[in-house]
Amino acid sequence: MFEDVRDLYNAEIIARGRRPRHMTRLAAFDTTARGDNPMCGDRVQVWLKYAADGSIAETGFDARGCDISKASADLMVEAVQNRSPADTRAMFERFRAMAQSGQCPDCAAFAPLKPLAAVHAYPSRVKCATLPWHALMAALEGAKDATSE
Amino acid sequence: MNDTAQIFDITAIRAEFPILSQKVRDKDLVFLDSAASAQKPRAVIAAMVGAMETQYANIHRGLHWMSERTTEAYELTRDAAARLLNARDRSEIVFVRNSTEAINLVAHSYGRAILKPGQAVVISGMEHHSNIVPWQMLRDSHGIELRVADITDSGELDMAAYEALFADGRVGLVAITHMSNVLGTYTPAGRIAAIAHANGAKVLFDGSQAIVHRRIDVQAIDADFYCFTGHKLYGPTGIGVLWARRELLDAMPPFLGGGEMIASVSYERTTWAEVPHKFEAGTPAIIEGIGLHAAIEFIESVGYPAIAAHEAALTDHALAKLSAIEGITILGRAQDRGGVVSFTLDQAHPHDVATLLDRQGIAVRAGQHCAEPLMRRLGVDGTARASFGIYTTPAEIDALATTLERIREFFA
């Protein structure tokens, strides 16, 4: 019955939505921020720990939300590992563009995020995929809250 | 069910709603989101198009034929709304954009001019944000205390908790839903009003949901204010009604200032028009008002007894069908309830449920339903909600139940 949603609800997304690998609060962290989607109730908290060179050493998250937002957060943690804040911001911009358009001009750089590429075909769900990134951006800025509205 | 359907002639009703024959993603549309906004019958569409094609002009000011005809048509809606609510007088009908504006009007005008700092406003634990936020704004600007009457675990107003809120004699106003947009619960309006009045408080009912499903008689329930919005009642967006007792409207200052609402204007002093025009500043939603008249006549032509019987049968059917699904939790078990069923599935988040339902042409709402405090009270982050209208069929509910079973399997 649901073959037509397998583009988004693919094995990778469902596995990570059900059992995220990185959904843990970091015991020691440098910064944290929360992302809220007030219209639907999704909420993601992100914790970051920086390495000595300023790159992202470790990321953890907690999420209350759908499979798409949890899977996106889980993929994000792996994608930003060891990246500088500037790199991470650039990656978010590319990811957001992909989530909105389905086009992926620079995919090689963030292959781990490709399981979410089909979300553009579900306009009401794009904000689910970008919510953890908004929280991450807020954490990088030292802000406390973000929304994906 | 069959008896009701025969009296009701669901096929004929559905034929009045052109949109219901639409395909969505190559599948038959199953529209179970009427509590968010209902679909429109031909009569409403035709009335609006007809008015624009034959007689459109601004109202209450033109001296020409077009303006006179349109003014008459628009004002006939006031008569229809007064009839719908069993108001004492047509002047008690104030046109607003929607229920949100109606509640803001009361909070701003009655709240600031009549309520005194230190008095309290009572709401319930199952309000839409539109009946929470205006009172918080009044609290913060005017020193009003906001009190919340809790609900029971079955999703009904806790009447003992409600009554206890009056103990100190400071409650000036009760503002409460007449039917929850999340739980489907009807609140016992007559008892609520009697308790409020016995304690010297006025009462406002948000009838946005209730009036769609059940005959409302503002005199029988002894309300002081009652509001509803047109778009949930098969009418257009942008038009709603605030009813209030004439003596309250007379005592209240205007909400918005501008044209239409004045008697005379000079730079030194302006006097207000009579009720209800005092509250209707600016050019109103003329075409939408005419459309609302057609919606009210449509409701009247079907009749509330038939509508209520149809929807009660649908709701019973839905509760039975959905309850049989493993892993489903239905929120709210009120004895007196209307055609709104909120649920969660153990296997999937409401958003994922709604997306998969949508792929089968089934439209439901998922999320917090503009009722975040209620979600917290229920201990959930959100729900999926199926809501029924005059055109909903048992077969559509069966389609929902069958698809939910498939969704369980999909996420198993």
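Residues numbered from 1 in each chain as written. Chains lettered and ligands numbered in written order. Predicted model: local features only at pLDDT ≥ 70, side-chain atom pairs only at ≥ 80, totals over all residues. Heavy atoms only, no water.

**Q** Honestly, the packing of helix 4 (residues 65–85) of chain B against helix 11 (residues 286–302) of chain B in this entry has me stumped. Any pointers?
**A** Geometry of a packed helix pair, given as the angle between the helix axes and the separation of the axes. All names here are of chain B. Between helix 4 and helix 11, the least distance of the axes is 8 Å, while the angle of their chain directions is 40°. Compared by their axis directions, helix 4 and helix 11 come out oblique. The hand of the helix 4/helix 11 crossing is left-handed. Two secondary-structure elements touch here, helix 4 through Thr70, Ala73, Tyr74, Leu76, Thr77, Ala80, Ala81, Arg83 and Leu84 and helix 11 through Ile286, Gly289, Ile290, Leu292, His293, Ile296, Glu297 and Glu300. (Axes fitted to C-alpha atoms, helices over the stretch in contact; angles between N-to-C directions. Helix = DSSP H or I, 4+ residues; strand = E, 2+ residues; numbered from the N terminus. Parallel < 35°, antiparallel > 145°, perpendicular 65-115°, else oblique. Left-handed = near helix turned anticlockwise from the far one by under 90°. Contact = heavy atoms within 4.5 Å.)

**Q** What is the right way to read the domain arrangement of chain B from this model?
**A** Accessible area lost upon the coming together of the parts serves often as the stated size of an interface. Residues and elements named next belong to chain B. As assigned here, chain B comprises domain 1 (2–31 + 304–411) and domain 2 (46–301). Contacts between domain 1 and domain 2 engage 31 residues on the former and 31 residues on the latter. Here domain 1 meets domain 2 over a buried area of about 2,500 Å², counting both sides, of which 58% is carbon and sulfur. Per-residue buried area on domain 1 facing domain 2 is highest for Tyr304, Leu374 and Arg377; these three make up 29% of the total on that side. Where domain 1 meets domain 2, there are 3 salt bridges. The partner of Asp336 in a salt bridge is Arg214, with the nearest N and O atoms 2.8 Å apart. Here domain 1 and domain 2 share 19 residue pairs in polar contact (both at pLDDT 80 or more) between them. Counting residues per element, the ones that place at least two in the side of domain 1 that touches domain 2 are helix 12 (304–323), strand 14 (340–345) and helix 14 (372–378). If you tally residues by element for the side of domain 1 that touches domain 2, the top one is helix 14, at 6 residues. Of the residues that constitute the side of domain 1 that touches domain 2, the class distribution is 16 nonpolar, 7 polar and 8 charged. (Domains from an automatic or database assignment. Buried area = accessible area lost by both parts, 1.4 Å probe. Salt bridge = Lys/Arg side-chain N within 4 Å of Asp/Glu carboxyl O. Polar contact = N/O pair within 3.5 Å; in protein donor to acceptor, adjacent residues only side chain to side chain. Nonpolar A, V, L, I, M, F, W, Y, C, P; charged D, E, K, R; others polar.)

**Q** Looking at this model, I keep getting lost on the side chain of B:Ser387. Mind explaining?
**A** Here B:Ser387 shows up in strand 17 (residues 383–387). Discounting residues that sit within four places of it in the chain, B:Ser387 has contacts with B:Phe31, B:Leu32, B:Asp33, B:Ser34, B:Ala35, B:Gly339 and B:Val340.

**Q** Looking at this model, I keep getting lost on the pairing of strand 10 (residues 240–244) of chain B. Mind explaining?
**A** Regular strands have side chains that alternate between both faces of the sheet. All names here are of chain B. Burial of strand 10 is extensive: 5 of the 5 residues sit out of reach of the surface. Side chains Gly240, Leu242 and Ala244 project from strand 10 onto one buried face, and the interleaved Val241 and Trp243 project onto a second face that is buried too. As defined by bridge partners, strand 4 (residues 93–96) adjoins strand 10 across 4 bridges and the pair is classed as antiparallel. In the strand pairing of strand 10, Phe95 is matched with Val241. (Buried < 20%, exposed > 50% of the residue type's maximum accessible area, 1.4 Å probe, protein only. Pairing = 2+ DSSP bridges.)

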